Amino acid sequence: MIRRLFIANRGEIALRIARTAQRLGMTTIVGASQADVTSLPAQFADEVALIGPAPSAQSYLNVEAVIAAAVAARADAIHPGYGFLSENARFAEATIEAGMIFVGPDVTSLNAMGDKLMARSVGLAAGLPVVPGGEAATPEQAMARARETGFPVLLKAVAGGGGKGMKRVDRADDMPAMIAMAMSEAQAAFGDPRIYVERFIARGRHVEVQVLGDGHDALHLGTRDCSIQRRFQKLVEEAPAPQLADATRNGLEQAAVALTRHLAYRGAGTVEFLVDAQTGDFFFLEMNARIQVEHPVTEAITGVDLIEQQLLVAAGSRLGLTQDAIRPSGHAIEVRINAEDPAADFRPSPGRVTRARWPAGPGIRIDSHIATGGVIPPTYDSLMGKLIVWARDRPAAVALLASALATLSIEGVPTTAPLHRRIAADPRFVAGGVDTRFLEGLA
Amino acid sequence: MNEPFLTPEDIADIVAILDGSDYRELDVATARFRLTLRREGGGEAGGRWSQEWQWAAANGPAAVAVAVVQDTPAGLVAVAAPLPGAFYRAPAPGAAPFVEIGARVDGDTVVGIVETMKLMNPVHAGHAGEVVAIVADNGAMVEGGATLMHIRPHA
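(A) Structural context of the sheet that holds strand β8 (residues 119–124) of chain B. Residue and element names in this part refer to chain B. Taking strand neighbours across the sheet as the criterion, the four strands line up as β8-β7-β5-β10 in an open arrangement whose pairing is antiparallel. Lying at the two open borders of the sheet, with one neighbouring strand each, are β8 and β10 (141–142). Across two bridges, the pairing between strand β5 (residues 85–88) and β10 is antiparallel. From the neighbouring strand, Ala 86 faces β10, where its bridge partner is Met 141.

Shown next, in the form of structure tokens:
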């Protein structure tokens, strides 16, 4: 039983968590940095605890400061939201050691999904398909790997990340030169020459499956498509994933449940896959052991409050839902309204919002902490709100999205809203099932 | 705050009622908030209304230290922050600063970084010359356009 819930996050997700927790009769305490003490979540929560100065490293990412604030507030549980400390095993351990409930999975699950190589081996152990490939310590090994997986291949630094040093190789003839270049770049950038060779999927879609587990049972709440991304940042998400063959959809959902069972997972999680748009083959990428930004599209089609499920399972309850009871209906789309200027290479645009007119009405949900007069500090990320639409089918949802975006009006800072209007009008998006290169071809 | 609060579902229900009426606008002001629901135009029934919230207590000025904008002394030029954010003199904690007083710089010399929303934005000197003063403290929150350094331009 959770009576006093400490919310170790900010922005729209802190507000979102507080809403459900208050509905469940909990007292909510928002841990806020100095920059956020007058924010809407801090106003809305029952209590506010100051956790530190504005910079995240001294507040939202400071394990000791957050734990101390939660203990001082006599909280019996901490909800970490997403980002910040949500997948930090040390934070989860410290929460439990301080006698509180961590609203998230067991530390073993956080560790199992801690990095991409480890996630890959856990996925293999659970019987999930992964992108063919593997490590190579020498040019000969890299060549042998490439022969196994088939061309084109992608070379990546084992020690790297964020797309740094990635090279696409289309033909065996090009391999020796590209391997040498990739290895010397890896050595220069990370002090480790090892590279990773994997099959290059030319037209990939990012499809993920929402799962829930209680340590015993596991179930899924269907797919989400998050293929529209910019520099690995999701911009548009929808549920269910459109234009997927039934066999692919079933395969994804069953694989996600298999992994959730394999981990004896407790809580809400998301299993991410790369789907080859040409063949329908799918490959496990990683599991996000937390609530996700895009969770509302799943809530819209299933009617399940995922934050409520997290809180119930964290408090020790078994899942009250069964797979048969989850009957998704209709179609939902979420767009992220960020304080970024799409006309200036997505330059961040913090500042005061002089007027925020969000759309309203049947089928529309706004998750935002920014109202008229609201301030977007330069210290944190640029998400200022999410527009979620739901309708009986995808064409109706796309039409509703377009009219809602026409109504939306944010003044004072540039936002990504104009970009979303172009996406909603793009014939490829209207048709559905786009791949991750969509933005490159946007008119 | 323990008072009941309008949920997104409540807003959708209220708009559905208004949409079936002749009303164009609903304006509700309480001690805590002001909510305006307005019919904006055509399109789908769900998409033609807007909601605007204003909160009485929320969103005062955020309590952050802001570097003072100084007048630029005659004969010198200012290096301004390209964006609001945290000003850093070095590329990483513990690393040597990009420039010290007395450094000779070109227009495109990087003299610092401003971190805005997790993105590191380089600060360029903008003028060829000599750094004569570093005005903003390392780690300080600065407004966009705030003076970070003074440079004596080459004649």
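More follows now that the structure is in view.
(B) Expanded view of the domain arrangement of chain B. The domain boundaries assigned to chain B delineate domain 1 (8–55) and domain 2 (77–153). For domain 1 of chain B and domain 2 of chain B, the distance between their C-alpha centroids amounts to 46 Å.

(C) Region of the structure containing the environment of Ile 410 of chain A. Inspection of the secondary structure puts Ile 410 of chain A in strand β23 (residues 409–411). Not counting residues up to four positions away in its chain, the partners in contact with Ile 410 of chain A are Val 353, Arg 355, Ala 356, Trp 358, Met 384 and Thr 415 of chain A.

(D) The packing of helix α12 (residues 394–407) of chain A against helix α13 (residues 417–425) of chain A, seen in detail. All names here are of chain A. Relative to each other, α12 and α13 sit at 150 degrees, their axes nearing to 10 Å. Judged on the interaxial angle alone, α13 and α12 are roughly antiparallel. Handedness of the crossing formed by α12 with α13: left-handed. Counting all contacts with α12, which are made through Val 398, Leu 401, Ala 402, Leu 405 and Ala 406, the residues of α13 involved are His 420, Arg 421 and Ala 424. For the contact of α12 with α13, the residue count by class is six nonpolar, one polar and one charged.

(E) Highlighting the confidence of the model for chain B. Residues and elements named next belong to chain B. Per-residue pLDDT for chain B has a mean of 84; in total, 85% of the residues score no lower than 70. Considering only residues more than four positions removed or in separate chains, one finds that residues 61–68, a stretch of pLDDT under 50, has 13 contacts. Scored as a complex, the prediction yields pTM 0.87 and ipTM 0.84.

(F) Local environment of the pattern of salt bridges. Residues and elements named next belong to chain A. Tallied over the full model, the rule gives 41 salt bridges over all chains. For Arg 437, the salt bridge goes to Asp 435, with nearest N and O atoms at 3.4 Å. Look at Arg 437 and you get partly exposed, because its relative accessible area is 39%. Among the residues examined, Asp 435 registers a relative accessible area of 8% and is labelled buried. Beyond isolated ion pairs, a larger network of salt bridges with shared partners links Arg 16, Arg 23, Glu 299, Asp 305, Glu 308, Arg 365 and Asp 367.

(G) Representation of unusual backbone geometry. Residue and element names in this part refer to chain A. Put simply, Phe 151 and Pro 152 share a cis peptide bond, and its omega is -5 degrees. Relative to the helices and strands, Pro 152 is located in the loop between α7 (139–149) and β7 (153–157). Between Ala 239 and Pro 240 the backbone carries a cis peptide bond, its omega angle lying at -10 degrees. Tracing the backbone through its elements, the reader meets Pro 240 in the loop between β12 (233–239) and α9 (246–262). Even without a glycine there, the phi angle at Arg 74 is positive, about 55 degrees. Checked against the element boundaries, Arg 74 lands in the loop between α3 (63–72) and β4 (77–79).

(H) Just the pairing of strand β11 (residues 147–153) of chain B, in detail. Residue and element names in this part refer to chain B. Burial runs high along β11: five of the seven residues are buried. Pairing of strand β4 (residues 77–80) with β11 involves four bridges; the strand directions are antiparallel. Paired with Ala 80 across the strands is Thr 147, a residue of β11. Sheet topology places strand β9 (residues 129–134) next to β11; five bridges connect them, and they run antiparallel. Residue pairing for β11: Gly 129 is matched across the bridge by Pro 153.

(I) Inspection of the side chain of His 79 of chain A at higher detail. All names here are of chain A. Locating His 79 in the fold gives a position in strand β4. Owing to a relative accessible area of 0%, His 79 belongs among the buried residues under this scheme. Looking at His 79, its side chain comes within polar contact range of the main-chain nitrogen of Gly 81, at 2.9 Å. Excluding residues that lie within four positions of it along the chain, His 79 makes contacts with Leu 5, Phe 6, Ile 7, Ala 8, Ile 17, Val 103, Ile 291, Ile 307, Gln 310 and Leu 311.

(J) Molecular detail of the interface of chain A and chain B. Facing the 45 residues of chain A at the interface are 43 residues of chain B. Of all residues in chain A, Pro 348, Ala 360 and Pro 378 of chain A bury the most surface against chain B, accounting for 15% of the area lost on that side. Between chain A and chain B we count three salt bridges in total. Across the pair Arg 357 of chain A and Glu 52 of chain B runs a salt bridge whose closest N-O atoms are separated by 3.8 Å.

(K) A nonpolar patch on the surface, seen in detail. A cluster of nonpolar side chains, Val 37, Val 48 and Leu 50 of chain A, forms an exposed patch at the surface whose accessible area comes to about 220 Å². With respect to the secondary-structure elements, Val 37 of chain A resides in the loop between β2 (27–33) and α2 (40–44).

(L) Representation of the packing of α3 of chain A against helix α4 (residues 89–97) of chain A in the model. Residue and element names in this part refer to chain A. In contact at an axis separation of 10 Å, α3 and α4 are set at 25 degrees when each is read in the N-to-C sense. Judged by the angle between their axes, α3 and α4 are roughly parallel. In the crossing of α3 with α4, the sense of the turn from one axis to the other is right-handed. Residue-level contacts link Val 63, Glu 64, Val 66 and Ile 67 of α3 to Arg 90, Phe 91, Ala 94 and Thr 95 of α4. Grouping the constituent residues of the contact of α3 with α4 by class yields five nonpolar, one polar and two charged.

Conventions we followed
- Residues numbered from 1 in each chain as written.
- Chains lettered and ligands numbered in written order.
- Predicted model: local features only at pLDDT ≥ 70, side-chain atom pairs only at ≥ 80, totals over all residues.
- Heavy atoms only, no water.
- Pairing = 2+ DSSP bridges.
- Helix = DSSP H or I, 4+ residues; strand = E, 2+ residues; numbered from the N terminus.
- Domains from an automatic or database assignment.
- Contact = heavy atoms within 4.5 Å.
- Axes fitted to C-alpha atoms, helices over the stretch in contact; angles between N-to-C directions.
- Parallel < 35°, antiparallel > 145°, perpendicular 65-115°, else oblique.
- Left-handed = near helix turned anticlockwise from the far one by under 90°.
- Nonpolar A, V, L, I, M, F, W, Y, C, P; charged D, E, K, R; others polar.
- pLDDT = per-residue confidence, 0-100.
- Salt bridge = Lys/Arg side-chain N within 4 Å of Asp/Glu carboxyl O.
- Buried < 20%, exposed > 50% of the residue type's maximum accessible area, 1.4 Å probe, protein only.
- Polar contact = N/O pair within 3.5 Å; in protein donor to acceptor, adjacent residues only side chain to side chain.
- Buried area = accessible area lost by both parts, 1.4 Å probe.
- Patch = residues over 30% accessible without salt bridge, like charges linked within 9 Å, V, L, I, M, F, W, Y side chains within 5 Å.
- Areas by Shrake-Rupley, 256 points an atom, 1.4 Å probe, with all protein chains shown as cover.

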